[in-house]
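Letter by letter, the chains look like this.
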Amino acid sequence: MKILSIESSCDETAAAVVEDGRKVLSSVIASQVEEHKLYGGVVPEIASRRHAEAIVPVVKNALKEAELELDDIDAIAVTHAPGLIGALLVGVNFAKGLSLSSGKPLIPTHHLRSHIASNYISYKELKPPFLCLVVSGGHSHIVMVEDYTKMKVIGRTRDDAAGEAFDKAARTMGMPYPGGIEMDRVAELGDENKFVFPRPVVRDAPYDFSFSGLKTAVINLIHNMEQRGEKIPKEDICASFRKAVVDLLVHNFMKAAEDFGVKTLVVAGGVSANSLLRKRLAEESEKRGFKFYKPDKSVCTDNAAMVGAQGYYEYLSGNTADLSLNAIATLPIDYR
Ligand code: KG4
Ligand code: ZN
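As the structure is a prediction and not an experimental result, all values here were calculated from the model. (Residues numbered from 1 in each chain as written. Chains lettered and ligands numbered in written order. Predicted model: local features only at pLDDT ≥ 70, side-chain atom pairs only at ≥ 80, totals over all residues. Heavy atoms only, no water.)

> Teacher, can you tell me more about the overall build of the protein chain here?
From N to C terminus, the protein chain includes 10 helices and 10 strands. At 20 Å, the protein chain has a C-alpha radius of gyration in line with the 20 Å of a compact globule built from 336 residues. In terms of overall dimensions, the protein chain has C-alpha extents of about 65 × 45 × 30 Å along its principal axes. Each of the 336 residues in the protein chain was classed as buried or not, and the buried ones make up 55%. Of the contacts made within the protein chain by residues no fewer than 6 positions apart, 74% connect residues no fewer than 24 positions apart. When the accessible surface of the protein chain is split by element, carbon and sulfur atoms take 51% of a total near 14,000 Å². The protein chain carries 40 positive and 44 negative side-chain charges, and their two centres are separated by 3 Å. (Helix = DSSP H or I, 4+ residues; strand = E, 2+ residues; numbered from the N terminus. Rg over C-alpha atoms; globule rule 2.2 N^0.38 Å. Buried < 20%, exposed > 50% of the residue type's maximum accessible area, 1.4 Å probe, protein only. Contact = heavy atoms within 4.5 Å. Areas by Shrake-Rupley, 256 points an atom, 1.4 Å probe, with all protein chains shown as cover. Lys, Arg positive; Asp, Glu negative; His and termini not counted. Charge placed at Lys NZ, Arg CZ, Asp CG, Glu CD.)

So this is what it looks like as structure tokens:
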């Protein structure tokens, strides 16, 4: 089954053609990141406008790269939630139009489920059940993936997402958006033990995260140094901050795996591109005899290939929509 998939939840307009959930026939991404860099973060109104401009050429290119016509496609999958509402609406309305005009089924697909599915592209043998750490710009979850479309949230952030904490800390040091990528690069040059940042725990919720105290600690440190006229040791701050975030993520994830007796671990979402997180999760999994999967770096951040992968399993589970489909800014991963 060939699915044409569309993603427009944040600042990437993307389309792909994916066969049977695992084989990527094409994947096209038009990133707006250079424009949002000017403002230090995503400007929702600009994002919506750029999606509207890019969607037609991006979808056409995805078909062209796959050497297919719309007639060869069996269904259309689209990210309908969660994300920036104006951005999501561009993809959803475009997909609805295509579905109406072509008569092909329309498959609503949850963005975070798609991030998890990026691993199905990288590892053909990977099948649920497994435990997944989903870490993106907007979410930090520990999810029990019981089946392709059946999930339970075991732990979640109480405040900022991991990616958001990286982005805000980086912005305070004047580093370009999206700061997580830049911080990861600069951290390689620093001493991770130079600064000790707090490792907040959420009382009576051992799998939940809290990053806002950590973010405030790094911002205060930078502001205090600036006020004293000191040079900001970016490398050491990045390295120490990255270590603190990764320690928190790895600790809770491993605890959840041990407590729930799960032996297969998966990581997903933009922050899964972080080099220290990838390394530490691999090491800690090996120590405990767990099998560990991380998506190929090319599919960690937003793309439509992962939407085509998850869309396939949504379709098999009977999740299709009619033209009343709407975009939803916030929707839990276990919504159905
Ligand atoms: O999943 P994603 O592309 O978009 C959302 O669904 O939010 O994630 C984007 C987030 C940004 O916060 C970005 O800074 C972060 O992922 N990110 C990283 C790295 N690459 C992307 N954070 C830390 N280290 C990285 N290498
Ligand atoms: Zn994402």
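Next comes the rest of the write-up.
> Is there a simple way to explain the nonpolar core in this structure?
If you look at soluble globular proteins, the nonpolar side chains tend to sit buried side by side. By size, the foremost hydrophobic cluster in this structure holds 50 residues, and its most contacted members are L131, L133, F241 and L277. Looking at this core, the element that brings in the most residues is helix α8 (residues 234-260), giving 14 residues. Those residues in contact with L131, other than ones at most four positions away along the chain, are I142, V143, M144, I154, F253, A256, A257, V262, T264, L265 and V266. (Core = buried A, V, L, I, M, F, W, Y, C linked by side-chain atoms within 4.5 Å.)

> Can you walk me through the sheet that holds strand β8 (residues 150-156) in this structure?
Within a sheet, each strand pairs with its neighbour through backbone hydrogen bonds, oriented either parallel or antiparallel. Strand order across the open sheet formed by 5 strands is β8-β7-β6-β9-β10, with mixed pairing between neighbours. Of all the strands in the sheet, just β8 and β10 (291-293) have a single pairing partner and so form its edges. Direction aside, the axes of adjacent strands within the sheet are offset by 25° on average. (Pairing = 2+ DSSP bridges. Axes fitted to C-alpha atoms, helices over the stretch in contact; angles between N-to-C directions.)

> Even after reading the chapter, I still don't get the pairing of β8, so can you show me in this structure?
Remark: a regular strand shows side chains that alternate across the two faces of the sheet. With 6 bridges connecting them, strand β7 (residues 140-147) and β8 associate as antiparallel partners. Its bridge partner being in β8, D147 is matched across the sheet by K150. Once β7 ends, the chain turns through 2 residues before running back antiparallel as β8.

By themselves, these figures tell us nothing about what the structure is for.
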